Amino acid sequence: MSRKSRTVLTIVIAGIMSLCAVHTYAQQEKGFSSEDLGIRKESLYDESSETPLHGEPIRKEPGESKRFERSFENSPPLIPHDITGMLPIAQTDNLCMGCHMPAEAGATGATPIPKSHFVDLNTGMELGGNLDGDRYNCMQCHVMQTTITPPVKNLFKGEFRDKKGNYRSNLLDVLNEGVTTE
Ligand code: HEC
Ligand code: HEC
């Protein structure tokens, strides 16, 4: 190839490459904006008009409300009653325990805290009726049910192997299911 035709070829290739770059850029520009994505239809950089829904929490007092069906086997049950005045939970003060500890639950009608919460799940050690430290902050796992219409309908349907599993948990009894130790 002569020197001249090599120069021409280089110019042609460079031209094609810059055309491609312009095309890709134009395509990106045409792409989706954050307002087109998701279900909020709002810019990801501005949350002033779409604030999170908080819903209306349950106002029924403990003892007056009805328990919810569990979402799936051994899921943490939703709190079905008002918790006004019970928070914050502090290390020296946990009102939830006042009603839900097994010794109190008979009298208050509350579901007793299950066996799994009285065992150190890392070691399997029974804690002699004392609540495991990791379980102290009930609200980390148990949340209140509120009335919010979800923007997308939830089609999930929990399966329960135990007949009573939709209202009771048995995690500690089934935790090692299928695990063999030698
Ligand atoms: C005054 C007693 C009392 C206090 C305090 C209390 N509860 Fe309850 N709780 C109940 C009763 C009674 C029920 C059963 C439903 C009902 O009758 O309201 C219940 C139900 C529940 C359930 C549902 C259990 C199930 O089987 O579905 C959860 C979860 C729960 N409470 C968590 C909490 C948490 C977390 C706190 C602290 C923020 C708390 N409770 C404070 C009495 C109490
Ligand atoms: C780390 C998460 C976690 C924390 C913290 C926690 N729970 Fe639970 N809880 C669960 C899960 C998961 C279940 C269902 C499986 C099981 O039995 O362990 C459950 C089940 C329960 C049940 C239903 C028992 C039954 O027989 O059906 C009650 C009542 C309960 N918890 C109360 C409490 C209270 C009160 C606290 C705070 C003192 C608390 N939990 C802290 C995760 C948690």
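Residues numbered from 1 in each chain as written. Chains lettered and ligands numbered in written order. Predicted model: local features only at pLDDT ≥ 70, side-chain atom pairs only at ≥ 80, totals over all residues. Heavy atoms only, no water.

A. Up close: the site of ligand 2. Taken together, 25 residues form the shell around ligand 2, and within it S116, H117, C138, C141 and H142 come nearest. A distance of 2.8 Å separates a nitrogen atom of ligand 2 from a polar side-chain atom of H142. A breakdown of the residues in the shell around ligand 2 according to their chemical character gives eleven nonpolar, ten polar and four charged. (Near = heavy atom within 4 Å. Polar contact = N/O pair within 3.5 Å; in protein donor to acceptor, adjacent residues only side chain to side chain. Nonpolar A, V, L, I, M, F, W, Y, C, P; charged D, E, K, R; others polar.)

B. A look at the pattern of salt bridges. On inspection of all chains with the given rule, the structure shows four salt bridges. R161 serves as the salt-bridge partner of E73, at 2.5 Å between the closest nitrogen and oxygen. Note that E73 is positioned in the loop between β1 (56-57) and α2 (95-100) and R161 in the loop between β4 (146-147) and α4 (171-174), a separation of 88 residues in sequence. Notably, a salt bridge pairs K115 with D173, separated by 2.8 Å at the nearest N-O pair. Of this pair, K115 sits in the loop between α3 (102-108) and β2 (119-120) while D173 sits in helix α4, placing them 58 residues apart in sequence. (Salt bridge = Lys/Arg side-chain N within 4 Å of Asp/Glu carboxyl O. Helix = DSSP H or I, 4+ residues; strand = E, 2+ residues; numbered from the N terminus.)

C. Seen up close, the site of ligand 1. Taken together, 23 residues surround ligand 1, and among them S65, H81, C96, C99 and H100 come closest. Taking G63, its main chain carries an N or O atom lying 2.9 Å from an oxygen atom of ligand 1. In this structure, H100 approaches ligand 1 through a side-chain N or O atom, which is 2.7 Å from a nitrogen atom. The dominant element in the shell around ligand 1, judged by the number of residues it contributes, is α2, at four residues.

D. Spatial organisation of the packing of aromatic side chains. Counted by the stated rule, this structure contains one aromatic pair. Where F72 meets F156, the ring centres are 6.4 Å apart and the plane angle is 90 degrees; that geometry is what we call edge-to-face. With F72 in the loop between β1 and α2 and F156 in the loop between β4 and α4, the pair connects residues that are 84 residues apart, well separated along the chain. Of the residues examined, F72 reaches a relative accessible area of 40% and is grouped as partly exposed. (Phe/Tyr/Trp six-rings, centres within 6.5 Å; stacked < 30°, edge-to-face > 60°. Buried < 20%, exposed > 50% of the residue type's maximum accessible area, 1.4 Å probe, protein only.)

E. Looking closely at a positive patch on the surface. Together, R67, K163, K164 and R168 give the surface a local cluster of positive charge. With respect to the helices, strands and loops of the structure, R67 is situated in the loop between β1 and α2. For R67, a relative accessible area of 37% gives the class partly exposed. (Patch = residues over 30% accessible without salt bridge, like charges linked within 9 Å, V, L, I, M, F, W, Y side chains within 5 Å. Areas by Shrake-Rupley, 256 points an atom, 1.4 Å probe, with all protein chains shown as cover. Lys, Arg positive; Asp, Glu negative; His and termini not counted. Charge placed at Lys NZ, Arg CZ, Asp CG, Glu CD.)

F. Representation of the coordination of the iron atom of ligand 2 in the model. Protein coordination of the iron atom of ligand 2 is provided by H117 (NE2) and H142 (NE2), with donor distances spanning 2.0 to 2.1 Å. What the six donor atoms of the iron atom of ligand 2 show is an angle range of 86 to 178 degrees at the metal, which sorts the shape as octahedral. With H117 in the loop between α3 and β2 and H142 in the loop between β3 (125-126) and β4, the pair connects residues that are 25 residues apart, well separated along the chain. When sorted by exposure, H117 lands in the same class as H142, which is buried. (Donors = N, O, S within 2.8 Å, 3.2 Å for Na, K, Ca; no water. Tetrahedral: all angles 85-135°; square planar, octahedral: opposite > 155°, others 65-115°.)

G. Looking closely at the side chain of E73. Here the side chain of E73 touches R161 through a polar contact of 2.5 Å, side chain to side chain. Ignoring any residue separated from it by four or fewer positions in sequence, one finds E73 in contact with E159, F160, R161 and D162. (Contact = heavy atoms within 4.5 Å.)

H. Summary view of the environment of P150. Structurally, the position occupied by P150 is in the loop between β4 and α4. Spatially, the C-alpha atoms of P150 and V12 are 56 Å apart, while their sequence positions differ by 138 residues.

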